[in-house]
Amino acid sequence: MARILVVDDDTVFGWLTQRRLQNAGHIVDVRGGPMGVFADLSKGDYDLVLLDLRMPALSGADIVRMVRSRKGITTKIVLYSSVDEEELAERARTLGVEGYATKGEMSRLLDVVRSVLGSNAASA
Amino acid sequence: MEELLLAADGAPSSSRFAALVAGLGHDLRAPLHAILGATGLLIEEVGEGAGHETWLVDLKAIDTSGRQLVDLLELLIELARVESGKAPITHTVGTIESVVEPLLSALQSRGARIELRREGTPAPVLADMRRAKVALGVLLRMVMARSAEPSVTIAVTHAAEDVSISVVVGPDCAAAWGLAGDASFTDAGLSLVRALLAHAGSAWSVEHAPDGGATIALTVPRPRGSPADVREEEKHGTHPGRR
């Protein structure tokens, strides 16, 4: 069981993801945008943040860069998006996050989360 | 959206439309992914309870149709990217095995029975490997969805000039796709697969079987000449065997 924060402006996908992860035994909170994410992560309560890539105002990539520039936040990051899988993989690599998952294969999400939480691998 | 419309402004209408579709991948996929995500979740949750067999059948029907729509969408987006110039065709030297094997593994993981025959010594080919993988993947999933029990029969034949991939299509499927009789098939998905394969560098032919079925044969040329010639072919996509 892990504590996971889902950040997604798509409310439908937010609760779908929350339910999927809760069914697998995780404790999951959802934020509908970047507001409050830094405060949440600074408390150090989350093992993993699942981050939508395309959001208005502040993209997932912006959030990754800001989180990485702050000392003390060690939460693992998984990008989660409907963009082309190849593009998503490339974004994950260049941003240096721990993993990525396409929203088109939600059944694979749990494998990615398990893999990222279970190792320090650079990708999943 | 506004940026896309402005960027496309002034181009011929067909290019404008292709540019628009090419830039809308995320927005077209997102609602469909939500439908598939919700369906998958319900299948898991309903599947655990007794007396929900009819719901399960209905949900799986939604899931199957949704996945078919995703495949059609991916083909349309890929073609739009090529035809708008947003992501031009890029021919590289690779192996057919690197295209076929991951696709077959994915189908197997979804419960498909795979029958794979290989002939000849494996050798490299020259094609847009990524586009070939997208198109072949959709074709195999279409065949699997149409077969009575999930199965795919495929043969990979390495010859001196090219490599062919033959996909067996059952009689019902061939009839539904309009493959029987002449070559003017009517299925939209098959038309898009064929168009993307042509861009990727693969020729397409159909052989009819006595039982009413058919075999779709995709032929991909092998690179010719010196390594320098191959690099030039990769750069310009000028292989003489390409359609």
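Because the structure is a prediction, the values reported are computed rather than measured. Note on numbering: residues in each chain are counted from 1, in written sequence order. Each chain is given a letter, starting from A, and each ligand a number, starting from 1, according to the order in which they appear as written. The predicted nature of this model means local features are confined to residues of pLDDT at least 70 and side-chain atom pairs, given and counted, to a pLDDT of 80 or more, with totals for whole chains, interfaces and linings taken over all residues.

**Student:** Give a detailed account of the overall build of chain B, specifying residues and quantitative values.
**Tutor:** Broken down by element type, chain B carries nine helices and seven strands. Looking at chain B residue by residue over its 243 residues, the buried ones come to 32%. With C-beta atoms placed from the backbone, a contact is any residue pair whose C-beta atoms sit within 7 Å. The long-range fraction of contacts in chain B, counting pairs at least 24 apart against all pairs at least 6 apart in sequence, stands at 71%. Strands are runs of DSSP state E lasting at least 2 residues, helices are runs of H or I lasting at least 4, and numbering of each runs from the N terminus. Buried residues are those with 20 or more other C-beta atoms within 10 Å of their own C-beta, exposed residues have 12 or fewer, and partly exposed residues lie in between; C-beta atoms are placed from the backbone.

**Student:** Summarise the overall build of chain A; cite the residues concerned and give the values.
**Tutor:** The number of helices and strands found in chain A is five helices and five strands. Shown N-terminal to C-terminal, the secondary structure of chain A runs as helices and strands in the order β-α-β-α-β-α-β-α-β-α. By the compact-globule yardstick of 14 Å for 124 residues, chain A fits well, its C-alpha radius of gyration being 13 Å. In terms of its C-alpha atoms, chain A occupies a principal-axis envelope of roughly 30 × 30 × 30 Å. Taking all 124 residues of chain A together, the buried fraction comes to 38%. The quantity called the radius of gyration is restricted to C-alpha atoms. Its globule counterpart is 2.2 Å times the number of residues to the power 0.38.

**Student:** Explain the packing of helix 3 (residues 25-47) of chain B against helix 4 (residues 53-84) of chain B residue by residue, including any values.
**Tutor:** Residue and element names in this part refer to chain B. Lines are fitted to the C-alpha atoms to define the axes, a helix being fitted only along its stretch in contact, and any angle between axes, read from their N-to-C directions, falls within 0 to 180 degrees. Following both chains from N to C, one finds helix 3 and helix 4 inclined at 160°, their axes separated by 9 Å at the closest point. When the axes of helix 3 and helix 4 are compared, the pair comes out roughly antiparallel. When you trace helix 3 past helix 4, the crossing you get is left-handed. Where helix 3 abuts helix 4, its residues Gly25, Leu28, Arg29, Leu32, Ile35, Leu36, Thr39, Gly40, Leu42, Ile43, Val46 and Gly47 lie against Trp55, Leu56, Leu59, Lys60, Ile62, Asp63, Gly66, Arg67, Leu69, Val70, Leu73 and Ile77. Its residues placed into classes, the contact of helix 3 with helix 4 shows 15 nonpolar, five polar and four charged. Oblique is the label for any angle not covered by the other classes, which are roughly parallel (under 35 degrees), roughly antiparallel (over 145) and roughly perpendicular (65 to 115). Helix crossings fall into two classes, left-handed where the near helix is turned counterclockwise from the far one by less than a right angle and right-handed where it is turned clockwise. Charged means Asp, Glu, Lys or Arg here, nonpolar means Ala, Val, Leu, Ile, Met, Phe, Trp, Tyr, Cys or Pro, and polar covers whatever is left, Gly included.

**Student:** I'd like to hear about the environment of Leu59 of chain B, residue by residue, with values.
**Tutor:** All names here are of chain B. Residue position: Leu59 is located in helix 4. With 21 C-beta atoms counted inside 10 Å, the residue Leu59 sits in the buried group. Residues Leu59 and Thr39, spaced 20 residues apart in sequence, show a C-alpha to C-alpha distance of 6.2 Å. Those residues within four positions of Leu59 in sequence are excluded, and the remaining contacts are Thr39, Leu42, Ile43 and Val46.

**Student:** If you had to explain the pairing of strand 6 (residues 203-208) of chain B to someone new, which residues and values would you point to?
**Tutor:** Residue and element names in this part refer to chain B. For two strands to count as paired, DSSP must find a minimum of two bridges between them. In the sheet, strand 6 pairs with strand 7 (residues 214-221) via six bridges, with the strands oriented antiparallel. Bridge assignment links Glu207 to a residue of strand 7, and that residue is Thr215. Between strand 6 and strand 7, which follow one another and run antiparallel, lie five residues, and Gly212 among them has a positive phi close to 95°.

**Student:** With reference to specific residues and values, describe the pairing of strand 5 (residues 99-102) of chain A.
**Tutor:** Strand residues, when the strand is regular, have side chains that alternate between the two faces of the sheet. Residues and elements named next belong to chain A. Burial along strand 5 is two-sided: the face carrying Gly99 and Ala101 and the face carrying Tyr100 and Thr102 are both buried. In this sheet, strand 5 lies alongside strand 4 (residues 76-81) in parallel orientation, the contact comprising four bridges. Across the sheet, Val78 pairs through a bridge with Gly99, a residue of strand 5. A clockwise course of the path from the first strand over the helix to the second, judged with the strands pointing away from the viewer, identifies a crossover as right-handed. Where the polypeptide runs from strand 4 across helix 4 (residues 85-95) and back to strand 5, its parallel neighbour, the crossover connection is right-handed.

**Student:** With reference to specific residues and values, describe the interface of chain A and chain B.
**Tutor:** Taken together, the contact pairs 14 residues of chain A with 12 residues of chain B. Here the residues of the side of chain A that touches chain B are counted per class, giving five nonpolar, three polar and six charged.

**Student:** Quick rundown of the sheet that holds strand 5 of chain A? Include the residues and the values.
**Tutor:** All names here are of chain A. Sheet architecture is open: five strands sit in the order 2-1-3-4-5, paired in parallel fashion. The strands lining the two open edges of the sheet, one partner per strand, are strand 2 (27-31) and strand 5. Going across the sheet, the axis of each strand differs from the next one's by a mean of 20°, ignoring polarity. Note that strand 1 (residues 3-7) and strand 2 share five bridges and pair parallel. Paired with Leu5 across the bridge in strand 2 is Asp29. Along the sheet face, helix 3 (residues 60-69) touches strand 3 (48-52) and strand 4 and points at about 145° away from the line of strand 3.

**Student:** Give me the confidence of the model for chain B: which residues, what numbers.
**Tutor:** All names here are of chain B. pLDDT gives the predictor's per-residue confidence on a scale running from 0 to 100. Per-residue confidence for chain B gives a mean pLDDT of 84; residues scoring 70 or more make up 84%. In the model, residues 238-243 has pLDDT below 50 throughout and makes 13 contacts with residues more than four positions away in sequence or in other chains. Confidence estimates for the predicted assembly give a pTM of 0.81 and an ipTM of 0.83.

**Student:** Now, about helix 5 (residues 109-118) of chain A: what can you tell me, with residues and values included?
**Tutor:** Residue and element names in this part refer to chain A. Among the residues of helix 5, Leu109, Val112, Val113 and Val116 are the ones counted as buried. For helix 5, the arc enclosing every buried residue in end-on projection is 100°, short of the 170-degree limit, so these residues lie on one face. Tucked inside the fold, the buried residues of helix 5 contact helix 1 (11-23), strand 3, strand 4 and strand 5. Directions pointing from the helix axis toward each C-beta atom define the arc.

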